[in-house]
Amino acid sequence: FSPRQVTSDASFHSVSFSETDHPKVLITGDCITLTSFLYRKRFGNNNVILSDIRKPPSHVFHSGPFIYSDILDYKNLREIVVNNRITWLVHYSALLSAVGEANVPLARAVNITGLHNILDIAAEHGLRLFVPSTIGAFGPTSPRNPTPDLCVQRPRTIYGVSKVHAELMGEYYHHRYGLDFRCLRYPGIISADSQPGGGTTDYAVQIFHDAVKTGKFECNLKPDTRLPMMYIDDCLRATLEVMEAPADTLSMRTYNINAMSFTPEELVQEVQKQLPDLEVTYDVDTVRQAIADSWPMNFDDSNARNDWGWKHDYDLPELVQTMLNFIGSETR
Ligand code: AKB
């Protein structure tokens, strides 16, 4: 394998990973708090190395190895992989949809150039690689209700374009170089542990914080905007499951996964069952609304369910209860 000119110590060999060993996992970027918890529980604290360009919260720092890594620095990445005998790479670094539209050059660098570095490192060192994709990889000409795994993908955001690129490049490296590339298209992910991060589905996280803290919520999408969503625990479990799935169960390398679909109006109604005094107003953000209107309304994840047994645990009532309990306990 050599799509990239190696300038020094060119004698690398593919490290083959025995399935009986624990993998040595490197996780890049955000989402690391929750991901690390799950992976460390499964593989042991020292077998999971977190990395980012920002300092992690102290409980993450103290729970196992954390390392500075800039995915735009190829040599630094390579050094980390070699020195730590990494066998799995879980690549979360990316700019999301709304923030990507606000800074296209940065989104292009992180989401596309960064991905190229990750792909080359993973292929060179025989790593199993996970890269998340998204409902944002579809666009206005895709079937929206439901959206299958294979259909027209012409997204209108740099985020979506970069994710289609990641899907195609990962699959190409799989066929061309044998890279063990695995990819899930996430719906909007709802988590109490991390703050909204510049996405179009952020309203579905923000509502819980505002409902508990102020009793008022201003929604930036129209009340009838339907989008696929998932609770973080389901998302992380799906990711671990697809990473652990035997290769012969995977009939494809990029799968849709889903749990539920709802509109702001339906979410508000469910939250108001617990907090009847919650006041909701709508002030539509036209950029986010245009993005949401081009995304899937319902996501067909039947291939994931059939091939490797994907099954979600959280539906809308359970999600709302869990989020309110979690945020409520933090503010008490
Ligand atoms: C976003 O809204 O940009 C993300 C996503 C659906 O990928 N949450």
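Since we're looking at a predicted model, the values are computed, not measured.

How each quantity is defined
- Residues numbered from 1 in each chain as written.
- Predicted model: local features only at pLDDT ≥ 70, side-chain atom pairs only at ≥ 80, totals over all residues.
- Helix = DSSP H or I, 4+ residues; strand = E, 2+ residues; numbered from the N terminus.
- Rg over C-alpha atoms; globule rule 2.2 N^0.38 Å.
- Buried ≥ 20, exposed ≤ 12 C-beta atoms within 10 Å, placed from the backbone.
- Contact = placed C-beta atoms within 7 Å.
- pLDDT = per-residue confidence, 0-100.
- Axes fitted to C-alpha atoms, helices over the stretch in contact; angles between N-to-C directions.
- Parallel < 35°, antiparallel > 145°, perpendicular 65-115°, else oblique.
- Left-handed = near helix turned anticlockwise from the far one by under 90°.
- Nonpolar A, V, L, I, M, F, W, Y, C, P; charged D, E, K, R; others polar.
- Pairing = 2+ DSSP bridges.
- Expected span 1.5 Å × (residues − 1).

## Considering the overall build of the protein
Stage number 1. Across its full length, the protein holds twelve helices and 13 strands.
Stage number 2. Its C-alpha atoms give the protein a radius of gyration of 20 Å, within 12% of the compact-globule value 20 Å for 332 residues.
Stage number 3. In terms of overall dimensions, the protein has C-alpha extents of about 65 × 45 × 40 Å along its principal axes.
Stage number 4. Expressed as a percentage of the 332 residues in the protein, the buried residues total 44%.
Stage number 5. If you take every contact in the protein between residues at least 6 apart in sequence, the share linking residues at least 24 apart comes to 76%.

## Some thoughts on the confidence of the model for the protein
Parts of the model with low pLDDT should not have their predicted coordinates read in detail.
Stage number 1. Scored by pLDDT, the protein comes out at a mean of 91, with 92% of its residues at no less than 70.
Stage number 2. Residue range residues 5-20 is modelled with pLDDT below 50. Its contacts to residues more than four positions away, or to other chains, number 13 contacts.
Stage number 3. Scoring the predicted complex yields pTM 0.92 and, for the interface, ipTM 0.97.

## Section: the packing of helix H7 (residues 203-213) against helix H12 (residues 316-331)
Stage number 1. Two elements in contact, H7 and H12, have axes separated by 10 Å at closest approach and are oriented at 50 degrees. One finds that H7 runs oblique with respect to H12. The hand of the H7/H12 crossing is right-handed. Within the contact between the two elements, H7 uses Phe208, His209, Val212 and Lys213 and H12 uses Met323, Leu324, Ile327, Gly328 and Thr331.
Stage number 2. Among the residues making up the contact of H7 with H12, the classes are represented as five nonpolar, three polar and one charged.

## Some thoughts on the sheet that holds strand E12 (residues 260-262)
Stage number 1. Pairing is mixed across the open sheet formed by three strands, whose spatial order is E8-E10-E12. The outermost strands of the open sheet, each flanked by one partner alone, are strand E8 (188-190) and E12. Looking at each pair of strands side by side, their axes are set apart by 45 degrees on average, direction ignored.

## What about helix H6 (residues 158-177)?
Stage number 1. For H6, built from 20 residues, the straight-helix expectation of 28 Å at 1.5 Å per residue is met to within 8% by its first-to-last C-alpha distance of 27 Å.
Stage number 2. As for H6, its buried residues are in contact with helix H4 (97-102), helix H5 (104-124), strand E6 (133-134), strand E7 (180-186) and strand E11 (254-256).
Stage number 3. Positive phi appears at glycine 178, one or two residues downstream of H6, with a value of about 75 degrees.

## Some details on unusual backbone geometry
Stage number 1. Each neighbour pair has its own omega, and for asparagine 145 with proline 146 the value is 5 degrees, a cis peptide bond.
Stage number 2. With respect to the element layout, proline 146 can be found in the loop between E6 and H6.
Stage number 3. In this structure, arginine 85 takes a positive phi of about 50 degrees despite not being glycine.
Stage number 4. Structurally, arginine 85 is set in the loop between helix H3 (74-83) and strand E4 (88-91).
Stage number 5. Look at arginine 85 and you get exposed, because 10 C-beta atoms sit within 10 Å.

## What about the environment of alanine 166?
Stage number 1. As for its position among the elements, alanine 166 is in helix H6.
Stage number 2. By the C-beta count within 10 Å, which is 27 here, alanine 166 ends up buried.
Stage number 3. Counting along the chain gives 89 residues from alanine 166 to tyrosine 255, while the straight-line C-alpha distance between them is 13 Å.
Stage number 4. In contact with alanine 166, not counting residues within four places along its chain, are Leu115, Val131 and Ser133.

## Observations regarding the packing of H7 against helix H9 (residues 264-274)
Describing two packed helices takes the angle between their axes plus the distance from one axis to the other.
Stage number 1. Two elements in contact, H7 and H9, have axes separated by 11 Å at closest approach and are oriented at 30 degrees. What the angle tells us is that H7 and H9 run roughly parallel. Between H7 and H9 lies a crossing whose hand is right-handed. Contact with H7, carried on its side by Tyr203, Ala204, Ile207 and Ala211, involves Pro264, Leu267 and Val271 of H9 and no other residues of that element.
Stage number 2. Its residues placed into classes, the contact of H7 with H9 shows seven nonpolar, no polar and no charged.

## A look at the environment of serine 69
Stage number 1. Mapped onto the secondary structure, serine 69 falls in the loop between strand E3 (66-68) and H3.
Stage number 2. Between the alpha carbons of serine 69 and arginine 54 there is a distance of 9.0 Å; along the sequence they are 15 residues apart.
Stage number 3. In this structure serine 69 touches Thr28, Ser51, Asn76, Leu77 and Ile80, once residues within four positions along its chain are discounted.

## Thoughts on the pairing of E7
Stage number 1. For E7, a buried count of seven out of seven residues is recorded, marking the element as mostly surrounded by other parts of the structure.
Stage number 2. Where burial is concerned, the two faces of E7 agree: the one with Asp180, Arg182, Leu184 and Tyr186 and the one with Phe181, Cys183 and Arg185 are both buried.
Stage number 3. Bridging between strand E5 (residues 128-130) and E7 involves three bridges; their strand directions are parallel. Bridging across to E7, leucine 129 finds its partner in phenylalanine 181.
Stage number 4. Looking at chain direction, E6 and E7 are connected through two bridges and run parallel. From the neighbouring strand, threonine 134 faces E7, where its bridge partner is tyrosine 186.
Stage number 5. Relative to E11, E7 runs parallel, the two being bridged by three bridges. Its bridge partner being in E11, arginine 185 is matched across the sheet by asparagine 256.

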